[in-house]
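# Coordinate analysis (summary)
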Amino acid sequence: MDKSMLADLESLPEEDKVRMSTMIEQLQIRDSLRMYNSLVERCFTDCVDTFQRKSLTKQEETCVRRCAEKFLKHSMRVGMRFAELNQGAATTD
């Protein structure tokens, strides 16, 4: 958020600030759940081949672990890059 947006939020009545804060928290939770669901679906689709056993094979477990690690590292990197770009945009205002 840029400085003018933060100033606008500060000028809101307390009731509206609480409402906005609640909405932001709900959006963050929704985004976290979407990311988690995407991770599970992608890694399951890529790694689980058969349903012959109740548990994962050693190979499937390794695949799921690597898939999850890659997904999370990628998500963190994208988040860091987005923050860098956002910070750069804020300093040019």
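In what follows, the structure referred to is the one given above.
Read on for an overview of the structure. As the structure is a prediction and not an experimental result, all values here were calculated from the model. (Residues numbered from 1 in each chain as written. Predicted model: local features only at pLDDT ≥ 70, side-chain atom pairs only at ≥ 80, totals over all residues. Heavy atoms only, no water.)

### Describing the nonpolar core
What counts is decided by this rule: Here the nonpolar core consists of buried residues drawn from Ala, Val, Leu, Ile, Met, Phe, Trp, Tyr and Cys, with membership extended through side-chain atoms lying within 4.5 Å. Classification of residues uses two cut-offs on accessible area relative to the type maximum, computed with a 1.4 Å probe and protein chains only: under 20% is buried, over 50% is exposed, and between them is partly exposed. The helix count covers DSSP runs of H or I at least four residues long, the strand count covers runs of E at least two residues long, and both are numbered beginning at the N terminus. Contacts are residue-level and defined by heavy atoms, with any inter-residue pair within 4.5 Å sufficient.
By size, the foremost hydrophobic cluster in this structure holds five residues: Leu39, Cys43, Cys47, Cys67 and Phe71. Among the elements that make up this core, the one with the highest residue count is helix H2 (residues 14-47) (three residues). With near-sequence residues (within four places) excluded, Leu39 lies in contact with Cys67, Ala68 and Phe71.

### Re H2
To keep it simple, the criterion reads: A helix is expected to span 1.5 Å for every residue after the first.
With 34 residues, H2 should cover 50 Å at 1.5 Å per step; its first-to-last C-alpha distance of 49 Å lies within 8% of that length. Turning to H2, its buried residues number three or more, namely Leu39, Cys43 and Cys47.

### Description of the pattern of salt bridges
To be explicit about the condition: Here a salt bridge means any side-chain nitrogen of Lys or Arg lying within 4 Å of a carboxyl oxygen belonging to Asp or Glu.
Applying the stated criterion across every chain, the model contains six salt bridges. Put simply, Arg30 and Asp31 hold a salt bridge, and the shortest N to O gap is 3.5 Å. Taking the relative accessible area as the measure of exposure, Arg30 reaches 39% and is therefore partly exposed. Judged by its relative accessible area of 40%, Asp31 falls in the partly exposed class. Where Arg81 meets Glu84, a salt bridge forms, and the shortest distance between an N and an O atom there is 3.1 Å. One end of the pair, Arg81, and the other, Glu84, are both in helix H3 (residues 58-91), three residues apart, so they sit about a helical turn from each other.

### Considerations on the packing of aromatic side chains
Going by this rule: Centres within 6.5 Å make a pair out of two Phe, Tyr or Trp rings, where for Trp the six-membered ring is used; the pair is then stacked when the planes are under 30 degrees apart, edge-to-face when over 60, and tilted otherwise.
Tallied over the entire structure, the rule returns one aromatic pair. Seen from their ring centres, Phe44 and Phe51 are 6.0 Å apart, and the 40° between their planes marks the pair as tilted. The class for Phe44 is partly exposed, based on a relative accessible area of 41%. Take Phe51: its relative accessible area is 66%, and that puts it in the exposed class.

### With respect to the state of the cysteines
Stated formally: The disulfide definition used here is simple: a pair of cysteine sulfur atoms within 2.5 Å.
Using the criterion set out here, one finds two disulfides in the structure. Linked covalently through their sulfurs, Cys43 and Cys67 form a disulfide whose S-S length is 2.1 Å. Linking Cys43 and Cys67, the disulfide has an S-S dihedral of approximately -90° and is accordingly described as left-handed. One end of the pair, Cys43, is in helix H2; the other, Cys67, is in helix H3, with 24 residues separating them in the sequence. Both residues of the pair, Cys43 and Cys67, belong to the buried class. One disulfide in the model links Cys47 with Cys63; its S-S distance is 2.0 Å. Disulfide Cys47-Cys63: torsion about the S-S bond near -70°, hence left-handed. Of this pair, Cys47 sits in helix H2 while Cys63 is found in helix H3, placing the two residues 16 residues apart along the sequence.

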